[in-house]
Amino acid sequence: MSDGPGDVEIFFTNAKNVPLDKQMPYIMMMATDCIEGFNVKEIHPYSAFLTNKKLAGGGWVRKLNPNKDLVVQELKRRDPAARPNKSNKSADEIVQLFTPITDPRDLEYIAKKEGEFRKIMLNLLEDFQRARDSRSQRESVSSPLRSKRPRTGDKGTGGNIAGGNQHFQSTYSLTMHAVEIVMDATEEAALSYAWNGFIAIADANGNPMMVKRVGEPFPASFEIAVGKAKAAAHMGTFLGNTHDVPRGGFSIVIDGICYGGISLSGQKTASLELIADAGINALRNILGGDQSSGGQVLSTTNNGVLL
């Protein structure tokens, strides 16, 4: 047996074979087939996400279960002569047609990747549990964060933005111009620390707005970065301050207002917070009155209230 990677690893790491959005369901499929007793519907933390489908942006049935095309692709990878009838067979039935994987390198790689995804999901679930517990505690003591928000036309408690005396609710949307400024500053800091990975920025509602690759990171880091940015944005909205939640994800909170989340996924380094701070501080400078870059920073809704 060769000391190099097995067929599964070679196939999986080629983005043409398994795109980023298919990597998790592919590994779940392989683990179900190759790891005795593995069932994504019964194993924690996957089962928790399937039960509460709105966690961390939702879509977990799709993210954790392979579609029929992915299953057929794997069947043909193992047996090029296979001609399954997709019209009258479910994905689970097609999986039963798989020829067994026996190469120890492949079995070890599948177990390794499943473990990596499980750790990510455990961390994400723990972060959301802490957020929920903290929110419940704040509600029980009538935290100011739960006070009634100003209605349209009411004066709020926001700061002086771009030299004007406008008032804002606790979350609102940044323009792409502002996101580009945050991304440029973060990327510059990442390069100064020779960091490799993906940088993702989400708005205060957890919607991804921009992702950029720095160096040559592992492809799976893309989806992880997006998930972390979403989680960090939600945490900032709930708690009103900056958190490294999940690890490598940072809420963009300035003067108690959540603007979104920024995340760094890839190379492990102790400098992640410093890199993220560079982007957050770039936004802070703009909101504090430095408009040298030009362009609109904040967007408004149809009713004129900044959200």
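About the thresholds
- Residues numbered from 1 in each chain as written.
- Predicted model: local features only at pLDDT ≥ 70, side-chain atom pairs only at ≥ 80, totals over all residues.
- Heavy atoms only, no water.
- Helix = DSSP H or I, 4+ residues; strand = E, 2+ residues; numbered from the N terminus.
- Buried < 20%, exposed > 50% of the residue type's maximum accessible area, 1.4 Å probe, protein only.
- Core = buried A, V, L, I, M, F, W, Y, C linked by side-chain atoms within 4.5 Å.
- Contact = heavy atoms within 4.5 Å.
- Salt bridge = Lys/Arg side-chain N within 4 Å of Asp/Glu carboxyl O.
- Pairing = 2+ DSSP bridges.
- Axes fitted to C-alpha atoms, helices over the stretch in contact; angles between N-to-C directions.
- Lys, Arg positive; Asp, Glu negative; His and termini not counted.
- Polar contact = N/O pair within 3.5 Å; in protein donor to acceptor, adjacent residues only side chain to side chain.

J.: For unusual backbone geometry, give the residues involved together with the corresponding values.
T.: Backbone phi values are negative for most residues with the exception of glycine, while trans is the configuration of most peptide bonds. In this structure, the amide linkage connecting histidine 44 to the following residue, proline 45, adopts the cis form with an omega of 10°. Summarising the element assignment, proline 45 is placed in the loop between helix H2 (23–34) and helix H3 (46–51). Backbone geometry at alanine 194 places phi at a positive 55°, although glycine is not the residue there. By the element assignment, alanine 194 lies in the loop between helix H8 (176–192) and strand E1 (197–203). The class for alanine 194 is exposed, based on a relative accessible area of 57%.

J.: Which residues make up the nonpolar core, and what are the values?
T.: With 37 residues, the main nonpolar core has Tyr26, Met28, Tyr46, Trp60 and Leu64 as its most contacted residues. Those elements giving two or more residues to this core turn out to be helix H1 (7–12), H2, H3, helix H4 (60–64), helix H5 (68–78), helix H6 (91–95) and helix H7 (104–140). If sequence neighbours within four positions are ignored, leucine 64 has contacts with Met24, Pro25, Met28, Val40, Tyr46, Phe49, Leu50 and Met121. The next biggest cluster of nonpolar side chains, apart from the first, holds 25 residues, and it includes Ala178, Met210, Ile252 and Ala276.

J.: Account for the pattern of salt bridges, naming residues and giving values.
T.: Two side chains of opposite charge can pair, provided their charged atoms sit close to one another. This structure, assessed with the given rule, holds 8 salt bridges. Of the charged contacts, one joins arginine 78 and aspartate 33 as a salt bridge, the two residues approaching to 2.8 Å between their closest N and O atoms. A residue pair is termed long-range when its members are at least 10 positions apart, and arginine 78 in helix H5 and aspartate 33 in helix H2 qualify at 45 residues. Assessed through its relative accessible area of 14%, arginine 78 is described here as buried. Arginine 78 is the partner of glutamate 74 in a salt bridge, and the nearest nitrogen-oxygen pair spans 2.7 Å. In this pair, glutamate 74 and arginine 78 are both assigned in helix H5, 4 residues apart and thus about one turn of the helix distant.

J.: Please give an account of the pairing of strand E2 (residues 208–214) that cites residues and values.
T.: In terms of strand pairing, E1 meets E2 through 6 bridges, oriented antiparallel. Residue alanine 200 lies in a different strand from E2, and its bridge partner there is valine 211. Here E1 folds back onto E2 in antiparallel fashion, the turn holding 4 residues, of which glycine 206 has a positive phi close to 85°.

J.: Please set out the sheet that holds strand E4 (residues 257–266) residue by residue, giving values where relevant.
T.: The strand order across the open sheet formed by 4 strands is E2-E1-E4-E3, and the pairing between neighbours is antiparallel. Looking at which strands have only one partner, the edges of the open sheet turn out to be E2 and strand E3 (249–254). For this sheet, the mean angle separating the axes of adjacent strands, direction not counted, is 20°. By the bridge criterion, 7 bridges tie E1 to E4 in an arrangement that is antiparallel. In the sheet register, isoleucine 199 faces E4, and the bridge partner there is leucine 264. Across the sheet, H8 touches E1, E2 and E4, and the angle it forms with E2 is around 25°. Contacting E3 and E4, helix H10 (residues 272–287) runs over the sheet at an angle of about 25° to E3.

J.: Describe the side chain of aspartate 203, and please don't skip the residues or the numbers.
T.: Inspection of the secondary structure puts aspartate 203 in strand E1. In this structure aspartate 203 is buried but unpaired, with lysine 230 as the nearest side chain of opposite charge at 9.7 Å. At 2.9 Å, the side chain of aspartate 203 forms a polar contact with the backbone nitrogen of asparagine 205. When residues no more than four places from it in sequence are discounted, the contact partners of aspartate 203 are Met209, Ala233, Tyr259, Gly260 and Gly261.

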